[in-house]
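# Geometric and topological summary
Residue-level listing of the chains:
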Amino acid sequence: MTENIILKDDHNEFKFPVVVGTENEKGIDISNLRSETGYVTLDPGYGNTGSCESRITYINGEKGILRYRGIPIEELAQHSDFIEVADLLIWGSLATKKMRERFTALLTDNALLHESLKHHFEGFPFDAHPMAMLSAMVNALSCYHPVLALPQNPREIEEAAAILISKIRTIAAFSYKMSRGEPFIYPKAKFSYAENLLHMMFSLPHEPYEVHPEVKRAVDLILILHADHEQNCSTSTVRMVASSGANLFASVSAGIAALWGPLHGGANQAVIEMLEKIHSGNMDAKQCIKMAKDKDSGIRLMGFGHRVYKNYDPRAQILKELSKKVFNVLNYEDPLLDIALELEEIALKDSYFVERKLYPNVDFYSGIIFRAIGVPKNMYPVFFAIGRLPGWIAHWREANENKKSRIARPRQIYTGPAKSNYVPIEQRPDRKP
Ligand code: SDX
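Just so you know, these numbers come straight off a predicted model, no measurement behind them. (Residues numbered from 1 in each chain as written. Predicted model: local features only at pLDDT ≥ 70, side-chain atom pairs only at ≥ 80, totals over all residues. Heavy atoms only, no water.)

### Here's the deal with the nonpolar core
Applied cut-off: Put simply, a nonpolar core is a bunch of buried Ala, Val, Leu, Ile, Met, Phe, Trp, Tyr and Cys residues held in one set by side-chain atoms that sit within 4.5 Å of each other. Exposure categories follow from relative accessible area, calculated using a 1.4 Å probe and restricted to protein chains: below 20% of the type maximum is buried, above 50% is exposed, and the middle band is partly exposed. Numbering of helices and strands runs from the N terminus, with a helix taken as a DSSP run of H or I at least four residues long and a strand as a DSSP run of E at least two residues long. An automatic or database domain assignment supplies the start and end points of every domain. Throughout, a residue-residue contact means that at least one pair of heavy atoms, one from each residue, lies within 4.5 Å.
In terms of nonpolar packing, the biggest core is built from 121 residues, with Ile 165, Met 274, Leu 275, Leu 301 and Leu 343 touching the most fellow members. Looking at this core element by element, the count peaks at 14 residues for helix α7 (residues 154-180). Residue assignment places this core across two domains, with domain 2 (74-265 + 377-399) and domain 3 (266-373) each supplying three or more. For Ile 165, the contacting residues outside a window of four places in its chain are Ile 83, Ala 86, Ile 90, Phe 103, Leu 107, Tyr 193, Leu 389, Pro 390 and Ile 393.

### What to know about the site of the ligand
Basically, it comes down to this: By convention in this text, a residue qualifies as near a molecule or strand provided that one of its non-hydrogen atoms is within 4 Å of it. Throughout this description, a polar contact denotes any pair of N or O atoms lying within 3.5 Å of each other; where both atoms belong to protein, one of them has to be capable of donating a hydrogen while the other can accept it, and for residues adjacent in sequence the pair is counted only when both atoms sit in side chains. For every accessible area listed, the method is Shrake-Rupley and the probe measures 1.4 Å; residues are considered covered only by the protein chains on display. By the convention adopted, Pro, Cys, Tyr, Trp, Phe, Met, Ile, Leu, Val and Ala count as nonpolar, Lys, Arg, Asp and Glu as charged, and the other residues, Gly among them, as polar.
Looking at the ligand, there are 24 residues lining it, with His 229, His 306, Arg 307, Arg 315 and Arg 388 nearest. Here His 229 contributes a side-chain N or O atom positioned 2.6 Å from an oxygen atom of the ligand. In this structure, an oxygen atom belonging to the ligand sits 2.6 Å away from a side-chain N or O atom of His 306. For the ligand, the protein covers 78% of the area, taking 1,100 Å² as the surface of the free molecule. Taken together, the residues of the shell around the ligand break down into 10 nonpolar, 7 polar and 7 charged.

### Quick word on the environment of Ser 323
Note that Ser 323 resides in helix α14 (residues 314-329). Ser 323 gets classed as buried once you look at its relative accessible area, which sits at 0%. Taking the C-alpha atoms as reference points, Ser 323 and Phe 370, separated by 47 residues in sequence, lie 9.1 Å from one another.

### Some words on the UniProt feature "active site" (unreviewed entry) in the protein chain
As a reminder of what qualifies: UniProt positions are given in the numbering used here, feature names are shortened, and annotations may be inferred rather than shown by experiment.
The residues that UniProt annotates with the feature "active site" (unreviewed entry) are His 306 and Asp 363. Spanning 58 residues, the named residues nonetheless gather at one spot, since no C-alpha pair among them exceeds 10.5 Å. Residue position: His 306 is located in the loop between α13 (285-293) and α14. Setting aside its immediate chain neighbours within four residues, His 306 contacts His 229, Arg 315 and Asn 361.

### Side note on the side chain of Ser 253
You can see Ser 253 is positioned in helix α11 (residues 248-259). Take Ser 253: its relative accessible area is 6%, and that puts it in the buried class. Ignoring sequence-local partners within four residues, the contact set of Ser 253 consists of Ser 135, Val 138 and Asn 139.

### A word on the side chain of Arg 315
By the secondary structure assignment, Arg 315 is in helix α14. Setting aside anything within four residues of it in sequence, one finds Arg 315 in contact with Leu 66, Leu 225, His 229, His 306, Tyr 309, Val 362 and Arg 388.

### Quick word on the domain arrangement of the protein chain
Once the domains are mapped, the protein chain shows domain 1 (4-50), domain 2 (74-265 + 377-399) and domain 3 (266-373). With centres defined by C-alpha atoms, the gap from domain 1 to domain 3 works out at 38 Å.

### Quick word on the pattern of salt bridges
Put simply, the rule is: One speaks of a salt bridge when a side-chain nitrogen belonging to Lys or Arg is within 4 Å of a carboxyl oxygen belonging to Asp or Glu.
Taken as a whole and judged by the stated rule, the model has 22 salt bridges. A salt bridge links Lys 349 to Glu 345; its shortest N-O distance comes to 2.9 Å. For Glu 345, a relative accessible area of 47% corresponds to the partly exposed category. Between Glu 401 and Arg 397 there is a salt bridge, with the nearest N and O atoms lying 2.9 Å from each other. Of this pair, Glu 401 and Arg 397 both sit in helix α18 (residues 380-401), 4 residues apart, which is roughly one turn of the helix. For Arg 397, a relative accessible area of 17% puts it in the buried group. Salt bridges linked by common partners bring Glu 276, Asp 334, Arg 371 and Lys 377 together as one network.

### What to know about the packing of helix α12 (residues 267-279) against helix α15 (residues 335-347)
Stated formally: Only the stretch in contact is used when a helix axis is fitted, and all axes are lines through C-alpha atoms; the angle between N-to-C directions ranges over 0 to 180 degrees. Our angle categories are set so that under 35 degrees counts as roughly parallel, over 145 as roughly antiparallel, 65 to 115 as roughly perpendicular, and the remainder as oblique.
Where α12 contacts α15, the axes come no closer than 10 Å and their chain directions differ by 100 degrees. Looking at the two axes, α12 sits roughly perpendicular to α15. Where α12 approaches α15, its residues Ile 272, Met 274, Leu 275, Glu 276, Ile 278 and His 279 are matched on the opposing element by Pro 335, Leu 336, Ile 339, Ala 340 and Leu 343. The residue makeup of the contact of α12 with α15, split by class, is 9 nonpolar, 1 polar and 1 charged.

### A look at the packing of helix α3 (residues 82-91) against helix α4 (residues 97-109)
Put simply, α3 and α4 touch, their axes get as near as 11 Å, and they point 105 degrees apart. Between α3 and α4, the angle falls in the class roughly perpendicular. Touching Ile 83, Glu 84 and Asp 87 of α3 are Arg 100, Phe 103 and Leu 107, all from α4. Of the residues belonging to the contact of α3 with α4, the class tally is 3 nonpolar, no polar and 3 charged.

### Section: the packing of aromatic side chains
Each aromatic ring pair is specified by the distance between its two centres and by the angle formed by the two planes. So the rule is basically this: Pairing of aromatic side chains here covers Phe, Tyr and the six-membered ring of Trp, requires ring centres within 6.5 Å, and sorts the geometry by plane angle: under 30 degrees stacked, over 60 edge-to-face, intermediate tilted.
Counting across every chain of the model gives 15 aromatic pairs. Relative to Phe 202, the ring of Tyr 176 lies with its centre 5.6 Å away and its plane at 80 degrees, an arrangement referred to as edge-to-face. With a gap of 26 residues between them, Tyr 176 in helix α7 and Phe 202 in helix α8 (residues 193-202) connect regions that are remote in the sequence.

In C-alpha cells, the structure reads:
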C-alpha cells in the first residue's frame, strides 16, 4: 500500500506518493507538485532533493556504508580489482571469466590513441593543468568514434566503455609526459590497467619504470575506491548533460570539468597544498584548524566534511591504512602524513567539527599516497577522474535506458526587478560596481 505525504496551505490539502528505496530510504514524489499546487520547491545545492532512482551505488552517510551494486566497498577493496569493479558498476553483476576476458581484450585493443590525436597535446601550453587537457581530449575522442559516442546496445556500450576507460589512462599519461617535455610512452598489452598507467607515466625510452607490486596494487585499489559515489556533483553533471541527448564522451567530459573543483575531486590536490603550507612553516596544525573554523578566513580544512557522510568516509579509512602500507614498502617517510594525522586527531576532538559531523573524506589521504608514488599534485584529480569514469559510464547508461527520463531542467524562484522599461542611453544612471 503506497504511503502518502499530505501538504497543506491556507486553502487546500495536497497528497503526494512516497517512494521507498531498497534500504527503506524515503522520497516524496513531487513530479506533479507544480501542476497540482502551483508551487515549486527550493533546495539550493540539492541537499534534500533526489534527482532519480538508481540501482548502481548505495551510501548510508550516517553509518558510513558504501556499496557498489550491493557489494560493500570493503569486500571489493579486499577481493576485486579496478577492471572487475568497472564492469560490475556498468553491468550490475560480477563478470564471468569469459566476460572478463572479452572486456580485457577490448581494453587492450583500445589502449592506443589515434596518432593524429597526439598533435592536440602540442597545442596546449607545457604547464596546462592536466584536467583541462583530459576534459578536452575526452570530448575530442567523440570525433574519432562518432557512432560509439552514442552507443545504442550492450555491445556498443561495452566497446564505448572500453574505449573511454583505456584511452583516458593514455591521455592522462601523455598529458604528464607533455608537461615534462618527455617522449610519449606507449602502453604494453602485458601490463595490468594500473601498471600500464604508471608505465606510460614514469618509463623513459632508455629506462623502463619497474612498477613495485605493492604500488601497482595501491593504485588499483585507489581507483576502486573512486569508482562511483551515487549522485555526487560530477556524476549528476554527467546525468544532466546526458539528459539532453548529448553523447557519452561529451557527458564524461562535462563530468571531468565538474570533478576538477576544489570542493569536489580537486580537493585531493588542495589537501596536499594545505599540508605543504603547514609544513613550510606558514602556519601550524592548530592555526590551520583555527582558521578553518573561522568563517571569515575563507579557509576550509580540505579533505574534511561531506554532504552525505556524517560519519567516517569508509574510503578514507582504507586509504589511511593504505598510506602507511605504501610508505612501509617504499621505505618512504613524509612529514605531511604526520601533519595529516595530527590535523585529524585535533579536528575529531574539536566541538566545531564534531557538532557538524565533519570527518576525513576520500580526498584527505589519497594525495599522500600519490605523493609517495611520485605523482605530481596536478595529476591527483586526474587519477580521481580515471577512477570515477566507470561510475559515470554506468550512470550515463542508466539515465539513457530509463524510458521515463526527461531533460533535466530545474525551476527557480525569481527575485529580480519587477517589470521595467527600456531607457535611452543618455538617461541612464551610473551603475554601482
Ligand atoms: C568529494 O558528493 C560526493 O560524494 C563527493 C565525493 C565523491 O566521491 O564524489 O565524496 C568526493 O568531493 C569529497 C569532498 C571533497 N571536498 C573537500 O574536502 C573540501 C572541503 N569540504 C567542504 O568544502 C564541504 O565539507 C563539502 C563541500 C565537502 C560539503 O559541503 P556541504 O555539504 O555544502 O557542507 P556545508 O558547506 O553546508 O557545511 C556545513 C557546515 C558549515 O558550517 P555552518 O554554516 O554550519 O556553521 O560545516 C562547515 C561549513 O562551514 N564545514 C567546514 C568544512 N566542511 C563543512 N568547515 C571547515 N572545513 C571544512 N572542510
